[in-house]
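Chain by chain, the residues:
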Amino acid sequence: MNNLNIKAPVSTIIAVLVAATVLASYFLPVPEGIPEMLLSAAVLLAGVALLLGVANLFTVHLSKIVQGSSTALYSTVLLVSLFITLILTLFLGPKGTLPLWIFTYIQIPIETSLMAVLTFSLTFAALRLVIRRPGTFSLIFIAVLILVLLGSGPIFGLNLPIFSEFLSPIITNGFVLAGARGILLGVALGTISTGLRILMGADRPYGG
Amino acid sequence: MSDFGFELPDDSEEEAPDWLEGIGDDAHSGQAPPPEDSQPAEGESPADDALIPPMDDHDDDEGPDWLQDIRSAESVDDDREEEPNRGDTPSEGDPDWLENIRQKEQTRQQELETSAIPEDKEDFETYPGGQDEYEDLSQPSPEESGDPSAQEASSPDWLSGLEDETTPEAAPSERAEFDAAPQSFDDLAADADLEDVPGEPPSGFVDTGSLPSWLVDIKRGGPPPEDTPPDEVPAFVSEDDQENILPPAEDIDLTPGDLPSWISESPPEEPPAEAQAETPDPEPEHPPDLARANLPNWLHAMRPVDIPKAPEEGLPGHEETLGPLAGLQNLIPAEPDIIQFGKSPTFSLKLDVTKTHERSTDILEQLISEESRDRKPRISVEAITQGAVRWVVATLLLLSIAVPIMLGSDGIELPASDSPGEGTSRTLELIHDLPPGGPVLVAFDYQPAFTGELYAASTAVFDHMLLRGAQLAIFSTHPTGASQGVNFLQHTLAEKHTYIADQLYVDLGYLAGGPAGLRTFAANPAGTMPQFFDIEGAEVSIWDWAPLDQVETVSDFAMVLVLTDSPEVARAWIEQVDPLLGDTPLVMVVSEQAEPFLIPYYRSEAGQVDALMAGIQDGAYYESNRDSEHQARAYWNSYSVALGISVAVIFLGSLVGAASMLIARFRRPAKEAKE
């Protein structure tokens, strides 16, 4: 009796019942308000989960500082930034001057700079692709990349209709579209199978 | 002691068949014969009884008659075996040896015809085989003839030996018991009146009609009958085998070359001296010119070719010279023959080293010597080249972006307004058709890293909507989305649209839950994201205030605009919100990286996405069509130059790589040819 896990069947029953009710609301006349109530509960739980995530982040980095880890300095910066932003936003609101200033002049430039670095990295990687991995597929990859870039806009102010109006649309609307649809169909099938497994209790991502 | 007057060894008595012991026991114990009405046991035929010959006229010293017959049959056994077909009538294809036998039999028949035939012969001609029986019995037996040489000649060697050993030792008492016992079935039948049994042959004769002639001949020991048809062959001999029966012995030439070695090498057995003296020489009965045997192929193939000789364990005449057995002869040698002491083979100690071995040894020595050397750390040329190229590429890209911005917005013209993209044209139409003052739901669902791209793509769109008098309600499913919306409206359009203020757009904030939150919001916006603001000290719900006072569901918005960089977020909007939109258009302004995954939704017949714009290029098209200059115009020059630089760098780098690859391919065969 000590090994009996009461939580597992209860959580499974709740998950299956909620999922079946919400799914049935798409096809059957379910009493009004029940699906919305369940979905609202899910939204609240997601918000709580976000708060729990923030609390977990605080705990982890605080433990690193207490233990004197080698990354304690970064953890300290993170926790200080968290406290400042949290306090300013709580008192001034998200549309306050200071919170917006922090967001506009700190967070956006940092993340945009990371994206810019990605631009450099991708360009350099494309340059070295044929040198490091010479082969047919490398040449095909580079050829397609150059054709799409040439069709993406004017090159040094020169519009190249043969690329922008002929070659690039062929690639984008042909190969790219076909590949994207294949990926989306696979995602849809995977979503259906995952949903069915959760409905049947085969998959229990909630534990138990 | 045997009942037949001679003594058998003990083991012979044990190995005697049951029928023989039974007879002996009956005769010895003097049991009464079976009653009249006694029937043979099941499985016991009268022919079995007939197999036992009568013993009334046997000689006491020689044994019963049937045994005498067997003795006489032994004398002609060899001839019988070589006479599988004893017919009188010659047939075509008969071998010569058969003709010889026939001639001999005819001669014998002529001799028999001269002798007297009993009168009661006719009584027995009616029985099958009776003629043969009579003719056999008409001939005087060796015992009756009183010729001892004939008697000895007619008995086999083994029996002669037994007689010699046992006859003198027969005790008188045992002989008397033997005489008192019924000596034959005639006696038994006389006691039991078996003559009255219908169909029973008369005593002294057996029913040979149910027996093969060869068995009758063995039993009677007489000469072969003359009138035996040629087809009286044992039943187990087939017709084919009759033709393949071995020729007579005189036609077989048993030369040593045709015999297996184990036969030819074995010494001939010498019969005992007494047997040699008593046994007549078989030479007169067998012609000296024996024909050579024709062995069948299968038998020829089976004969042993080479039989190894057994080691001579006891060498005759070998005398032991050493040890305590010295002086003894014919001893088994102490060491087996296979153990031989000799000089062990010697192997050369000289290494057989070839040139390949020497070359491999040199390479190994060179490797070991190189490993032991101290090396100075070397900076590879490739690392230097790679670092330099990285810096060159970074410098080129930075300059290509910075210089056009510093030079100003003039320079490279925007794309022609008469050739905008399909999604851009559709967006223009939808915004142009917005009702004045209509509520527009705007979702800022992108990360801050994509702020620059989406600013350039959507600024002209927002400008167009605001000019159309749209009332904006912004919210996000991303934690930073709400701040993104506020930042966008206040920093990109505030200079041109000075009327933008908190009172002119509604910030609904952050919506948690992802797809579930979107579904909930689409069904019940007011209930999902309740917002209150203070008007003259009273909290008023934002959903009770214009422009959202007429909105109950998401389909009550005039348009839904989604700005995102993520295909997953865009798919969640399409799957959860679009089914509830009704006639409300869904417009998406997305990053370039998300466009390929959203084109299928835009190009679908259901029109899940009514308009789709992507990246700075569509923004530039929109601005060009709107004849306005916004973020796309500011970035357009840098975008064009940096795009050209990126293409040039990638192209040149790939060209160098392809050239080096080709050079390496051409050099490899030449290097291998040199080696």
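Cut-offs and rules
- Residues numbered from 1 in each chain as written.
- Chains lettered and ligands numbered in written order.
- Predicted model: local features only at pLDDT ≥ 70, side-chain atom pairs only at ≥ 80, totals over all residues.
- Heavy atoms only, no water.
- Helix = DSSP H or I, 4+ residues; strand = E, 2+ residues; numbered from the N terminus.
- Buried < 20%, exposed > 50% of the residue type's maximum accessible area, 1.4 Å probe, protein only.
- Contact = heavy atoms within 4.5 Å.
- Areas by Shrake-Rupley, 256 points an atom, 1.4 Å probe, with all protein chains shown as cover.
- Buried area = accessible area lost by both parts, 1.4 Å probe.
- Salt bridge = Lys/Arg side-chain N within 4 Å of Asp/Glu carboxyl O.
- Polar contact = N/O pair within 3.5 Å; in protein donor to acceptor, adjacent residues only side chain to side chain.
- Nonpolar A, V, L, I, M, F, W, Y, C, P; charged D, E, K, R; others polar.
- Core = buried A, V, L, I, M, F, W, Y, C linked by side-chain atoms within 4.5 Å.
- pLDDT = per-residue confidence, 0-100.
- Expected span 1.5 Å × (residues − 1).
- Pairing = 2+ DSSP bridges.
- Axes fitted to C-alpha atoms, helices over the stretch in contact; angles between N-to-C directions.
- Phe/Tyr/Trp six-rings, centres within 6.5 Å; stacked < 30°, edge-to-face > 60°.
- Bend = angle between axes of the 7 residues up to and from the residue.

**With respect to the overall build of chain A**
Each helix and strand in chain A was counted, giving six helices and zero strands. Across chain A, helices and strands are ordered from the amino to the carboxyl terminus as α-α-α-α-α-α. Across the 208 residues that make up chain A, the buried fraction comes to 21%. Counting only contacts in chain A whose residues sit at least 6 apart along the sequence, the fraction spanning at least 24 positions is 25%. Carbon and sulfur atoms make up 75% of the accessible area of chain A, which totals about 13,800 Å².

**Some words on the overall build of chain B**
Assigned secondary structure in chain B consists of 29 helices and eight strands. Split into buried and exposed, the 675 residues of chain B put 37% on the buried side. For chain B, long-range pairs separated by at least 24 residues make up 72% of all intrachain contacts whose partners lie at least 6 apart in sequence. Counting only carbon and sulfur atoms, one obtains 54% of the accessible surface of chain B, whose full area is about 39,900 Å².

**A word on the interface of chain A and chain B**
Listed per partner, the contact involves 53 residues of chain A and 57 residues of chain B. Summing the contributions of chain A and of chain B, the shared interface buries around 4,800 Å²; its carbon and sulfur component is 75%. If you look at where chain A meets chain B, you find one salt bridge. Salt-bridge contacts for B:Asp507 lead to A:Lys95; the nearest nitrogen and oxygen are separated by 3.4 Å. For the pair chain A and chain B, the number of links is eleven residue pairs in polar contact (both at pLDDT 80 or more). Taken together, the elements giving at least two residues each to the side of chain A that touches chain B come down to α2 (34–67), α4 (97–132), α5 (136–150) and α6 (161–199) of chain A. It is α4(A) that provides the largest number of residues to the side of chain A that touches chain B, a total of 18 residues. Residues that form the side of chain A that touches chain B fall into these classes: 34 nonpolar, 13 polar and six charged.

**A closer look at the nonpolar core**
Residues and elements named next belong to chain B. Within the largest apolar cluster, 39 residues are counted, with the highest numbers of intra-cluster contacts made by Leu 441, Phe 475, Leu 508, Leu 548, Trp 573, Met 588 and Leu 598. Counting residues per element, this core draws most heavily on helix α26 (residues 567–577), at five residues. Dropping the residues within four chain positions of it, Trp 573 is found in contact with Leu 441, Ala 443, Asp 445, Phe 475, Leu 518, Val 560, Val 562, Asp 578 and Met 588.

**Remarks on the confidence of the model for chain A**
Confidence along chain A averages 87 in pLDDT terms, with 96% of residues attaining 70 or more. Taken element by element, the predicted model of chain A shows its lowest mean pLDDT in helix α1 (residues 7–24) of chain A (85) and its highest in helix α3 (residues 72–92) of chain A (93).

**Here's the deal with helix α20 (residues 381–407) of chain B**
Residues and elements named next belong to chain B. Here α20 spans 38 Å end to end across 27 residues, near enough to the 39 Å set by a 1.5 Å rise per residue. Among the residues making up α20, those that are buried are Gly 387, Val 393, Leu 397, Ser 400 and Pro 404. Just downstream of α20, Gly 408 is the residue with a positive phi angle, here 110°.

**Brief notes about the sheet that holds strand β1 (residues 439–445) of chain B**
Residues and elements named next belong to chain B. Strand order in the open sheet formed by six strands is β3-β2-β1-β6-β7-β8, with parallel pairing between adjacent strands. Two strands lie at the open edges of the sheet, namely β3 (505–510) and β8 (611–614), each paired on one side alone. If you compare each strand with its neighbour and ignore which way they point, the axes differ by 15° on average. Bridging between strand β6 (residues 559–564) and strand β7 (residues 586–590) involves five bridges; their strand directions are parallel. Looking across to β7, one finds that Val 560 is bridged to Leu 586.

**A word on the environment of B:Val392**
Topologically, B:Val392 is positioned in helix α20. Along the chain, B:Val392 and B:Val649 lie 257 residues apart, while their C-alpha atoms are 9.7 Å from each other.

**Description of the packing of aromatic side chains**
Residue and element names in this part refer to chain B. Enumeration over the complete set of coordinates arrives at ten aromatic pairs over all chains. For the ring pair Phe 444 and Tyr 446, a centre distance of 6.2 Å and an interplane angle of 55° mean the geometry is tilted. Take Phe 444 and Tyr 446: they sit in the same class, and that class is buried. Ring plane angle 55° and centroid distance 5.0 Å describe the contact between Tyr 455 and Phe 488, whose orientation is recorded as tilted.

**As for unusual backbone geometry**
In this structure, A:Phe156 takes a positive phi of about 55° despite not being glycine. Counting through the fold element by element, A:Phe156 comes out in the loop between α5 and α6. Here the phi dihedral of B:Asp627 falls at roughly 55°; this positive angle occurs in a residue that is not glycine.

**Considering the environment of B:Pro415**
Residues and elements named next belong to chain B. Among the secondary structure elements, Pro 415 is positioned in the loop between α20 and α21 (422–432). On the basis of relative accessible area, Pro 415 is assigned to the buried category, the value being 14%. Here the alpha-carbon distance between Pro 415 and Trp 636, two residues 221 residues apart in the chain, equals 9.8 Å. Setting aside residues up to four positions removed in sequence, Pro 415 forms contacts with Ala 620, Tyr 621, Ser 624 and Trp 636.

**Here we look at the pattern of salt bridges**
Residues and elements named next belong to chain B. Under the defined criterion, the tally for this structure stands at four salt bridges over all chains. Between Glu 429 and Arg 426 there is a salt bridge; the shortest N-O distance is 3.4 Å. Highlighted residues: Glu 429 and Arg 426, both in helix α21, separated by three residues, approximately one helical turn. Residue Arg 571 pairs with Glu 575 through a salt bridge whose shortest N-O separation is 3.3 Å. Here Arg 571 pairs with Glu 575, and both are found in helix α26, just four residues apart, close to one helical turn.

**Some words on α6(A)**
Counted at 1.5 Å a residue, the expected span for α6(A) with its 39 residues is 57 Å, and the 53 Å between its end C-alpha atoms agrees. Residue A:Ser168 marks the point of greatest curvature in α6(A), where the axis turns by about 40°; the proline A:Pro169 follows within four residues. Of the residues making up α6(A), those classed as buried are A:Phe163, A:Ser168, A:Ile171, A:Leu177, A:Ala180 and A:Leu184. Along its buried surface, α6(A) packs onto α5 of chain A together with α26 and α27 (595–603) of chain B. Positive backbone phi, approximately 80°, marks A:Gly201, located one or two places after α6(A).

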